[in-house]
Amino acid sequence: MSAQDFLAYCLERNVLRFGEFRLKSGRVSPYFFNAGLFDRGSDLVRLGRHYAEAIIASGLEFDLVFGPAYKGIPLAAATAMALHSEHGRDLPWAFNRKEAKDHGEGGSIVGAPLAGRVLIVDDVITAGTAIRESVATIRAAGAQPVAVAIALDREERGQGDRSAIQEVEQDLNLQVIRVARLTDLIAMLESEDRDPSQLAALRAYRDRYGIAGG
C-alpha cells in the first residue's frame, strides 16, 4: 500500500472531497478531509493497515499505542490490531476519557497503563491542541510520548511561518508519521486523468499557504 492508495480510498469513500471549503482559519481550501466519514468496519480495517504500514516504515521504537478522545480512539484500536495481524507486533493500547470517571475503576485512562515509549494516533493535526493535551496526560503518568501518527499532512503553515505539525515536531520533540501528504495528493492528480482545475487549485493553495520546503 502507498500514500496514493490511501488517498484513492479516501476519494472513493468521499472522505476526501474537492470544491471550496471554508476552514476555521478563514481560508478557503480547494479540498477537505473528514476522517469521521470512515464509518464502516471495512474502513477501520483499511485505515489500520495504512497506519501500521507507515509506522513500521518509519522505524519507530515504541511500547504502547494511545488514542486521544474521541476520533483517536477507533484509530488507535485499528492501528493496534493491524500492527498485530499484519506485522506480528502485539502491543498494548489505551485511550483517555474527556472527564475522569469517579466510580468503578475510576480515572481518565482506559486500557493498558501508560508506560514506556508512547505513540499517539490521531486523524490530523490542525492546531495541535489535542496532541499537547495528550502529551501532558502521558507525561503525567510517567510515560514518554515519542511520536504522533496521522492520516493526512496538509503541509500548510499556521498564523506564522510554521505549520502545527512543525510546531509539534520542534516544540514537543515528537516525530510525526504521516500516511499521506498534500504533496502525495498533487502527485496523484498529476499522474491520473482528473479534472485539471482541481490540480491547478491545489497548486495555487500550496503556493499561497504551503510551508517552507513543502
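Structure first, text after, so check above.
Fair warning: this is a prediction, and the values are worked out from it, not measured in the lab.

Comments concerning the overall build of the chain
Here's step 1: From N to C terminus, the chain includes seven helices and eight strands.
Here's step 2: Counting only C-alpha atoms, the chain reaches 55 × 35 × 30 Å along its principal axes.
Here's step 3: When the 214 residues of the chain are sorted by exposure, 46% land in the buried category.
Here's step 4: In the chain, once contacts between residues fewer than 6 apart in sequence are set aside, the share between residues at least 24 apart is 70%.
Here's step 5: Accessible surface, the chain: about 10,600 Å² in total, of which carbon and sulfur atoms supply 47%.
Here's step 6: Positive and negative side-chain charges in the chain, numbering 25 and 29 respectively, have mean positions lying 3 Å apart.

Thoughts on helix α7 (residues 196–209)
Here's step 1: Its 14 residues place the ends of α7 20 Å apart at the C-alpha level, agreeing with the 20 Å of an ideal helix rising 1.5 Å per residue.
Here's step 2: Among the residues of α7, those classed as buried are Leu-199, Leu-202, Tyr-205 and Tyr-209. Considered in projection along α7, the buried side chains sweep an arc of 130° and stay on one side of the axis. Residues Pro-196, Asp-207 and Arg-208 are exposed on α7 and point more than 90 degrees away from its buried face.
Here's step 3: Taken together, the buried residues of α7 touch β1 (16–22), β2 (28–33) and α6 (182–191).

A closer look at the packing of aromatic side chains
A ring pair, where both rings are aromatic, is described by two values, the distance of the centres and the angle of the planes.
Here's step 1: Scanning the model with the defined rule gives six aromatic pairs in all.
Here's step 2: Note on Tyr-205 and Tyr-209: the rings are 4.9 Å apart at their centroids and 55° apart in plane angle, and the pair reads as tilted. Taken together, the residues Tyr-205 and Tyr-209, both in helix α7 and four residues apart, mark about one turn of the helix. Each of the two residues, Tyr-205 as well as Tyr-209, counts as buried.
Here's step 3: Members of the aromatic cluster, connected to one another through ring pairs, are Phe-6, Tyr-9, Phe-33 and Phe-38.
Here's step 4: The ring of Phe-62 carries Arg-89 above its face, with NZ or CZ at 4.9 Å from the centroid.
Here's step 5: Geometry around Tyr-31 places Arg-154 over its ring, the cationic atom sitting 4.2 Å from the centre.

A word on the side chain of Asp-123
Here's step 1: One can find Asp-123 in the loop between β6 (117–121) and α4 (129–140).
Here's step 2: Residues in contact with Asp-123, not counting those within four places in the same chain, are Ala-35, Tyr-51, Lys-71, Leu-75, Ile-150, Ala-151 and Leu-152.

Comments concerning unusual backbone geometry
Here's step 1: The linkage connecting Ala-69 with the following residue, Tyr-70, adopts the cis geometry, with an omega of 0°.
Here's step 2: Note on placement: Tyr-70 falls in the loop between β3 (64–67) and α3 (72–87).
Here's step 3: Positive phi outside glycine occurs at Asn-14, with the angle close to 65°.
Here's step 4: Accessibility expressed as a relative area gives 41% for Asn-14, which makes it partly exposed.
Here's step 5: A positive phi is found at Asn-173, a non-glycine position, where the angle reads about 55°.
Here's step 6: Counting through the fold element by element, Asn-173 comes out in the loop between α5 (164–171) and β8 (175–181).

Quick word on the nonpolar core
Here's step 1: Judged by nonpolar contacts, the single largest core of 42 residues is most densely connected at Phe-6, Phe-33, Phe-38, Tyr-51 and Phe-62.
Here's step 2: Sort the elements by how many residues they give to this core and helix α1 (residues 3–12) lands first, with six residues.

Notes on α1
Here's step 1: When we look at burial in α1, the residues that qualify are Ala-3, Phe-6, Leu-7, Tyr-9, Cys-10 and Leu-11.
Here's step 2: Buried positions along α1 lie against β1, β2, α2 (41–58), β7 (144–153), β8 and α6.
Here's step 3: Where α1 terminates, the next one or two residues include Asn-14, which has phi positive at roughly 65°.

Observations regarding the pattern of salt bridges
It is possible for side chains of opposite charge to pair when their charged atoms get near one another.
Here's step 1: Within this structure, the stated rule accounts for twelve salt bridges.
Here's step 2: The salt bridge partner of Arg-13 is Asp-39, with a shortest N-O separation of 2.9 Å. Remark: Asp-39 occurs in the loop between β2 and α2 and Arg-13 occurs in the loop between α1 and β1; sequence separation between them is 26 residues.
Here's step 3: For Arg-13, a relative accessible area of 15% gives the class buried.
Here's step 4: Looking at Asp-39, the relative accessible area reads 56%, which means it is exposed.
Here's step 5: A salt bridge links Lys-71 to Asp-123, with the nearest nitrogen and oxygen atoms 3.7 Å apart.

About the criteria used
- Residues numbered from 1 in each chain as written.
- Predicted model: local features only at pLDDT ≥ 70, side-chain atom pairs only at ≥ 80, totals over all residues.
- Heavy atoms only, no water.
- Helix = DSSP H or I, 4+ residues; strand = E, 2+ residues; numbered from the N terminus.
- Buried < 20%, exposed > 50% of the residue type's maximum accessible area, 1.4 Å probe, protein only.
- Contact = heavy atoms within 4.5 Å.
- Areas by Shrake-Rupley, 256 points an atom, 1.4 Å probe, with all protein chains shown as cover.
- Lys, Arg positive; Asp, Glu negative; His and termini not counted.
- Charge placed at Lys NZ, Arg CZ, Asp CG, Glu CD.
- Expected span 1.5 Å × (residues − 1).
- Arc of directions from axis to C-beta.
- Phe/Tyr/Trp six-rings, centres within 6.5 Å; stacked < 30°, edge-to-face > 60°.
- Lys NZ or Arg CZ within 6 Å of the ring centre and 35° of its normal.
- Core = buried A, V, L, I, M, F, W, Y, C linked by side-chain atoms within 4.5 Å.
- Salt bridge = Lys/Arg side-chain N within 4 Å of Asp/Glu carboxyl O.

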